[in-house]
Amino acid sequence: MTVHALQPRWGQPATGIISCIAFFLIAWLVWFIFSDPRGPVGAFPYPFVMYLAMMILVGLWQHMFLGDWPFQDIPQPARGIIETVVNLGLVWFGIHVVFYRILGLGFNFLSQVNLEALAAAGRTALPEVAGKTLTLQALVHPAARFGERAVVTFVLIGFFSYPFVTILFGKWPIRPSDLTQPQAGLAELGWCSTLTLFFYTILIVPFWGAVYGQVFGTSYGFNFPWWSGICGTGHVHWVFGWWEWAIIVLFMTPNVWRMKPWSVITWPQPWKGLVSLAGTLFLGYLLALICVNLAPLWLPMQEVIQHLPAADKGIPIRFLWYHAAEIAGFTLIPFLIWHHYFDDLAASADKDSWGAFWFRTLGVLLLCMLNYVFFYYVNFGHWGLGNHHMAGGVGERVVAGESLIWNFWWIIPLLWNEWFFHKWPFYQPAGH
C-alpha cells in the first residue's frame, strides 16, 4: 500500500479541535439511535457493548494485520465506506457463527443462543442444594446475558493480546519476511489468536468456572478464580482493572509516547519485546493498584457501599477494581486524538524529547480527570446518554455508570476515520 504524507487541512490546533467535536457528535448521535434507552433501539448495555467491542477488534485485524487489504488502493471516501460494511459483516459472522455456532459446539458459555435454548428447555434446572437455577428469564436480563459477556471478555483480552506483537515485538516472528498480504496478516492473526487463547484461559475462564461451577451449578470441568487470595475478590473485574490499564500503556506507547520508554532498549527481538511486555504489564497493574487505593479518597464510599450489588456483601473491592478500568477508559480519547489529530503537539519543538513525553503524559492525565468529572459529576452519563441508573448521587452513578462502554464507543469514529478513511476529510495530501 502506498502511504502518502498528510497535513492537517486547517492547520493546528484547528484541525484537532474540529475533528474532536465531529467525533463526539457522531458518537453521541449513533449512541442515541442504538444504545440510549430514550432512542429507537435502546440496546444498552447488552448486546450493544458486545457489538461495539467486536467492531474495534475486527477493525484492528483489518488495519493492523491486513493493512486494509484488499481495499487499500480504493480512493476515499469509498474505501472507508466499503471497509466499514465489511467490518460489520465480519462482526456479525464472528459473533453469530464463530462464537455461537462453531465454538458453541463445545463451549456453551460462549454461546448466548445455546444457553437460552438450554434454559428454555428446562435443562439448566438444579436441585435446590446444588445452586441457583439459571432460568431463561434471568439469563436474558440485561444484568446477566452471560453468553454475550463471555464474548466481551474475550474481546477485552484481545485488545491487548492481538496488538502487542505489532507494537512491542515489531511483528516478530512474522516479520521480517517476504510474506505479502493476505498471507502476512493471516499468519499474524493465527499467531496472536494462539496468544489470546493462552491469556483467555488463564485470566477469564476461571471466572466462568465459578459462575457455572458454584453459582449456577456444581461443575468441576473449569477451574475457579485463582486470584481470590491475591486481591480479595474472585470476580473477573480484578482482571478488567489492571488489564485495561495495560491496554492503555500499550497504546500510549506508539501514540503520545512515540515508543518511549521502550525505545531505549537496544536488544534485538524477541528480547526487546519480552522486556517491553513485562514492563507494560507491570505498569498496567501498578496504575490500576494506584486507582484502587486512591479512588476512596474522592468517592463518597458510604454511598457507594449502599448501592453495591447484594453479592458484594458491602465489600467494595470488586467495584474498585472495575472502577480502575473505567478511570483508564477516560484516557482513550485524550491520547488518541492528541496523537492522530493534534499531531503530538508539545511545548518543545522536539516532539521526541523526554520533555515532550512528560508534557503529553501529564496532559493526557489532566484531560482524563476532566473527562471523568464531566461524565460522573456533571452527570453526562445521565442527561447525555440516558443511563437511568445515574439519576441519583455520585455514589450511585459510579457503581452503575458504565462509562467504559461510552469511552470505547466514542473512539470508534476516530479509529474508523484514521484506519479506514485515512483521516479524510480532516487531513489532505501534503503540499495542497
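Note that the structure is a prediction, hence the values are computed from the model and not measured. (Residues numbered from 1 in each chain as written. Predicted model: local features only at pLDDT ≥ 70, side-chain atom pairs only at ≥ 80, totals over all residues. Heavy atoms only, no water.)

(A) Broad picture of the side chain of S161. Here S161 lies in helix α6 (residues 146-161). Classification of S161 as buried rests on a relative accessible area of 0%. A distance of 2.6 Å separates the side chain of S161 from the side chain of T196, its partner in a polar contact. Excluding residues within four positions of it along the chain, S161 makes contact with C192, T196, F199 and W243. (Helix = DSSP H or I, 4+ residues; strand = E, 2+ residues; numbered from the N terminus. Buried < 20%, exposed > 50% of the residue type's maximum accessible area, 1.4 Å probe, protein only. Polar contact = N/O pair within 3.5 Å; in protein donor to acceptor, adjacent residues only side chain to side chain. Contact = heavy atoms within 4.5 Å.)

(B) Structural context of the nonpolar core. The biggest cluster of nonpolar side chains holds 132 residues, and the ones touching the most others in it are F164, Y200, W208, W243 and W406. Among the elements that take part in this core, helix α11 (residues 237-252) stands out by supplying 13 residues, more than any other. Ignoring anything within four residues of it in the chain, the contact list for Y200 reads F109, L110, A150, T153, F154, I157, V205 and W208. (Core = buried A, V, L, I, M, F, W, Y, C linked by side-chain atoms within 4.5 Å.)

(C) Structural view of the packing of aromatic side chains. Taken as a whole, this structure holds 61 aromatic pairs when the rule is applied. Taken together, a centroid distance of 5.4 Å and an interplanar angle of 85 degrees make the contact between W226 and W227 edge-to-face. A relative accessible area of 0% means that W227 is categorised as buried. Seen from their ring centres, W226 and W238 are 5.7 Å apart, and the 85 degrees between their planes marks the pair as edge-to-face. Here W238 lies in helix α11 and W226 lies in the loop between α9 (205-215) and α10 (228-231), a separation of 12 residues in the sequence. On the basis of relative accessibility, which here comes to 43%, the residue W226 falls in the partly exposed class. Residue class for W238 comes out buried when judged on its relative accessible area of 4%. If you follow K260 out to its NZ or CZ, it ends over the ring of W354, 5.1 Å from the centre. For the cation-ring pair, K423 lies above Y341, with the distance from its terminal atom to the ring centre recorded as 5.3 Å. (Phe/Tyr/Trp six-rings, centres within 6.5 Å; stacked < 30°, edge-to-face > 60°. Lys NZ or Arg CZ within 6 Å of the ring centre and 35° of its normal.)

(D) Focus on the packing of α6 against α11. At a minimum axis distance of 9 Å, the contact between α6 and α11 shows a crossing angle of 35 degrees. In this structure, α6 crosses over α11, and the sense of that crossing is left-handed. Every residue of α11 that contacts α6 at T153, L156, I157, F159, F160 and S161 is listed here: F240, W243, E244, A246, I247, L250 and F251. Partitioning the contact of α6 with α11 into residue classes produces 10 nonpolar, two polar and one charged. (Axes fitted to C-alpha atoms, helices over the stretch in contact; angles between N-to-C directions. Left-handed = near helix turned anticlockwise from the far one by under 90°. Nonpolar A, V, L, I, M, F, W, Y, C, P; charged D, E, K, R; others polar.)

(E) The environment of L250, seen in detail. By secondary structure assignment, the location of L250 is in helix α11. Considering only alpha carbons, one finds L250 and T280, 30 residues apart in sequence, at a separation of 6.4 Å. What L250 contacts, discounting residues up to four positions off in sequence, is F159, F160, P163, F164, I167, L168 and T280.

(F) The side chain of E148, seen in detail. The residue E148 is located in helix α6 in this model. A polar contact of 2.7 Å, which involves the side chain of E148, links it to the side chain of R145. Excluding residues that lie within four positions of it along the chain, E148 makes contacts with Y46, P47, M50, Y100 and Q112.

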